[in-house]
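Given next are the chains, with one letter for each unit.
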Amino acid sequence: QVQLVESGGGLVQAGGSLRLSCAASRSIFSINDMGLGWYRQAPGKQRELVATITRGGLTNYADSVKGRFTISRDNAKITVSLQMNSLKSEDTGVYYCVAGRAVGLTSGVRYWGQGTQVTVSS
């Protein structure tokens, strides 16, 4: 069983930056063979895809975060990060780290982290 543990959330003013990190607890081989990504869920809204990165490093972003967020992975350290710049109040939510064969869809996610809160004050 693989566990994903997020860190780096918190409270930031609009226009500021945060960096989220996610580390896998075990099963090195299985994680490095998977796509990784981040989802978020705002209060009263459905969970939505933020960004994904394939095992080869190809990235994909939601239109709402393009140009502001950057996803990266370190296969040696078994981590995935999300650098968030120019944050807006609408970026507020719980951010979840995910791993799976096709993380662009929730049905393709095999592992979910417990979530980390990001709050952007206007």
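Above this note sits the structure.
Cut-offs used in this document
Residues numbered from 1 in each chain as written. Predicted model: local features only at pLDDT ≥ 70, side-chain atom pairs only at ≥ 80, totals over all residues. Heavy atoms only, no water. Pairing = 2+ DSSP bridges. Helix = DSSP H or I, 4+ residues; strand = E, 2+ residues; numbered from the N terminus. Axes fitted to C-alpha atoms, helices over the stretch in contact; angles between N-to-C directions. Phe/Tyr/Trp six-rings, centres within 6.5 Å; stacked < 30°, edge-to-face > 60°. Lys NZ or Arg CZ within 6 Å of the ring centre and 35° of its normal. Disulfide = S-S within 2.5 Å. Salt bridge = Lys/Arg side-chain N within 4 Å of Asp/Glu carboxyl O. Buried < 20%, exposed > 50% of the residue type's maximum accessible area, 1.4 Å probe, protein only.

Peer 1: Would you mind going over the sheet that holds strand 8 (residues 79-84) with me for this structure?
Peer 2: Pairing between the strands of a sheet is mediated by backbone hydrogen bonds and can be parallel or antiparallel. Strand order in the open sheet made by the four strands is 1-3-8-7, with antiparallel pairing throughout. The two strands at the open ends of the sheet, each matched to only one other strand, are strand 1 (4-7) and strand 7 (69-74). Averaged over all pairs of adjacent strands, the angle between their axes in this sheet comes to 15 degrees, without regard to strand direction.

Peer 1: Would you mind going over the packing of aromatic side chains with me for this structure?
Peer 2: Aromatic ring pairs are defined here through the distance separating the ring centres and the angle between the ring planes. The final tally for this structure, using the stated rule, is two aromatic pairs. Ring centres of tyrosine 96 and tryptophan 112 lie 6.1 Å apart, and the angle between their planes is 85 degrees; this geometry places the pair in the edge-to-face category. A residue pair is termed long-range when its members are at least 10 positions apart, and tyrosine 96 in strand 9 (residues 93-100) and tryptophan 112 in strand 10 (residues 109-112) qualify at 16 residues. Feature note: the residues Tyr39, Tyr96 and Trp112 constitute an aromatic cluster, connected by ring pairs. Directly above the aromatic system of tryptophan 112 lies the positively charged group of arginine 47, at a separation of 4.6 Å from the ring centroid.

Peer 1: Whenever I open this one, the state of the cysteines confuses me. Can you help?
Peer 2: Cysteine pairs can be linked by a disulfide, which is a covalent bond between their two sulfur atoms. Taken as a whole, this structure holds one disulfide when the rule is applied. Through a disulfide, cysteine 22 is tied to cysteine 97; the S-S separation comes to 2.1 Å. Of note, the bridge from cysteine 22 to cysteine 97 carries an S-S torsion of about -80 degrees and is left-handed in sense. You can see cysteine 22 sitting in strand 3 (residues 18-24) and its partner cysteine 97 sitting in strand 9, a full 75 residues away along the chain.

Peer 1: Whenever I open this one, the pattern of salt bridges confuses me. Can you help?
Peer 2: Opposite charge on two side chains permits pairing when their charged atoms draw close. Taken as a whole and assessed by the stated rule, the structure comprises four salt bridges. Here arginine 40 ties to aspartate 91 by a salt bridge, and the two come within 2.9 Å at their closest N and O atoms. Here arginine 40 is found in strand 4 (residues 35-41), whereas its partner aspartate 91 is found in the loop between strand 8 and strand 9, with 51 residues between them in sequence. The buried category is assigned to arginine 40, whose relative accessible area is 5%. You can call aspartate 91 buried: its relative accessible area is 0%. Note that arginine 68 and aspartate 91 form a salt bridge whose closest N and O atoms lie 2.8 Å from each other. One end of the pair, arginine 68, is in the loop between strand 6 (59-61) and strand 7; the other, aspartate 91, is in the loop between strand 8 and strand 9, with 23 residues separating them in the sequence.

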